[in-house]
Amino acid sequence: QVQLVESGGGLVQAGGSLRLSCAASGRRFSTYGMGWFRQAPGKEREFVAAISWYSGSRTVYADAVKGRFTISRDNAKNTAYLQMNSLKPEDPAVYYCAASRVTDERPSVVAGDYEYWGQGTQVTVSS
């Protein structure tokens, strides 16, 4: 099994930046596709960003965050990141990190494709 722990959430002013981290406990981190999802109160969980296994050469972003958010990974540290810039009032939510036991390089935007999930970290944006 894989344990995922998110950190870096908090309160930030609109237009500001925040970096979320996702630390994984397993020994096969580099073989997982990694993704970020978010869920606001009263809304369904939605896809945010995903990155391919190993070098992470392929990334996919939701339209709402393209050009503002960047997903990355550091396999030596067993950690994935979500750099969030130019935060908007519609961005506040609980952000979840997820890991998928993939067999190819294609990132997935589907929550059901991810086997392991963190507990989430709250992001709040003030105006």
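Counting of residues starts from 1 at the beginning of each chain's written sequence and follows it residue by residue. Residues qualify for local features only when their pLDDT is at least 70, as the model is predicted, and side-chain atom pairs are given and counted only at 80 or more; totals for whole chains, interfaces and linings, by contrast, use all residues. As a rule here, side-chain values cover all heavy atoms of the structure and leave hydrogens and water aside.

Caption draft 1: Inspection of the pattern of salt bridges at higher detail. Here a salt bridge means any side-chain nitrogen of Lys or Arg lying within 4 Å of a carboxyl oxygen belonging to Asp or Glu. Applying the stated criterion to the full structure yields 6 salt bridges. The salt bridge involving Arg38 is made with Glu46; its shortest N-O contact spans 2.6 Å. Linking Asp104 and Arg106 is a salt bridge whose minimum nitrogen-to-oxygen distance equals 2.6 Å. The structure contains a network of salt bridges with shared partners spanning Arg38, Glu46, Arg68 and Asp91.

Caption draft 2: Focus on the packing of aromatic side chains. Only Phe, Tyr and Trp rings are paired, with Trp represented by its six-membered ring, and only when their centres lie within 6.5 Å; those with planes under 30 degrees apart are stacked, over 60 edge-to-face, the remainder tilted. Summed over the entire model, instances satisfying the criterion amount to 6 aromatic pairs. Plain terms: the ring middles of Phe37 and Phe47 are 5.7 Å apart, the flat faces sit at 75 degrees to each other, and that makes the pair edge-to-face. Remark: Phe47 occurs in strand 5 (residues 46–51) and Phe37 occurs in strand 4 (residues 33–39); sequence separation between them is 10 residues. Accessibility classification places Phe37 together with Phe47 in one group, the buried group. Arranged with centres 5.1 Å apart and planes meeting at 50 degrees, the rings of Phe37 and Trp117 form a pair that is tilted. Taken together, the positions of Phe37 in strand 4 and Trp117 in strand 10 (residues 116–117) put the pair 80 residues apart, joining distant regions of the chain. Partly exposed describes any residue whose relative accessible area lies between the buried limit of under 20% and the exposed limit of over 50%, with all areas from a 1.4 Å probe on protein chains only and scaled to the type maximum. We classify Phe37 as buried; its relative accessible area is 2%. An aromatic cluster of three or more residues is present, and its members are Phe37, Phe47, Tyr114 and Trp117. Lying across the ring of Tyr96, Arg45 places its NZ or CZ 4.0 Å from the centre. By definition here, charges over rings are those cases where NZ of Lys or CZ of Arg is within 6 Å of the ring centre and within 35 degrees of the ring normal. One cation-aromatic arrangement involves Arg45 over Trp117; the distance from NZ or CZ to the ring centre is 4.9 Å. Counting from the N terminus, the helices are DSSP H or I runs at least four residues long and the strands are E runs at least two residues long.

Caption draft 3: Representation of unusual backbone geometry within the structure. Phi at Tyr54 is positive, roughly 55 degrees, even though this residue is not glycine. Counting through the fold element by element, Tyr54 comes out in the loop between strand 5 and strand 6 (59–61). We classify Tyr54 as partly exposed; its relative accessible area is 42%. Of note, Ser86 is a non-glycine position whose phi angle comes to about 50 degrees, a positive value.

Caption draft 4: Spotlight on the side chain of Ser100. Here Ser100 lies in strand 9 (residues 93–100). In terms of polar contacts, Ser100 uses its side chain to reach the backbone carbonyl oxygen of Asp113, at 2.8 Å. Contact between two residues is taken to exist if any of their heavy atoms lie within 4.5 Å; hydrogens are not considered. Apart from the residues within four sequence positions on either side, Ser100 is in contact with Thr31, Tyr32, Gly33, Asp113, Tyr114 and Glu115. Pairs of N or O atoms within 3.5 Å make up the polar contacts considered here, provided that, within protein, one atom can donate a hydrogen while the other can accept it, and that residues adjacent in sequence are counted only when both atoms are side-chain atoms.

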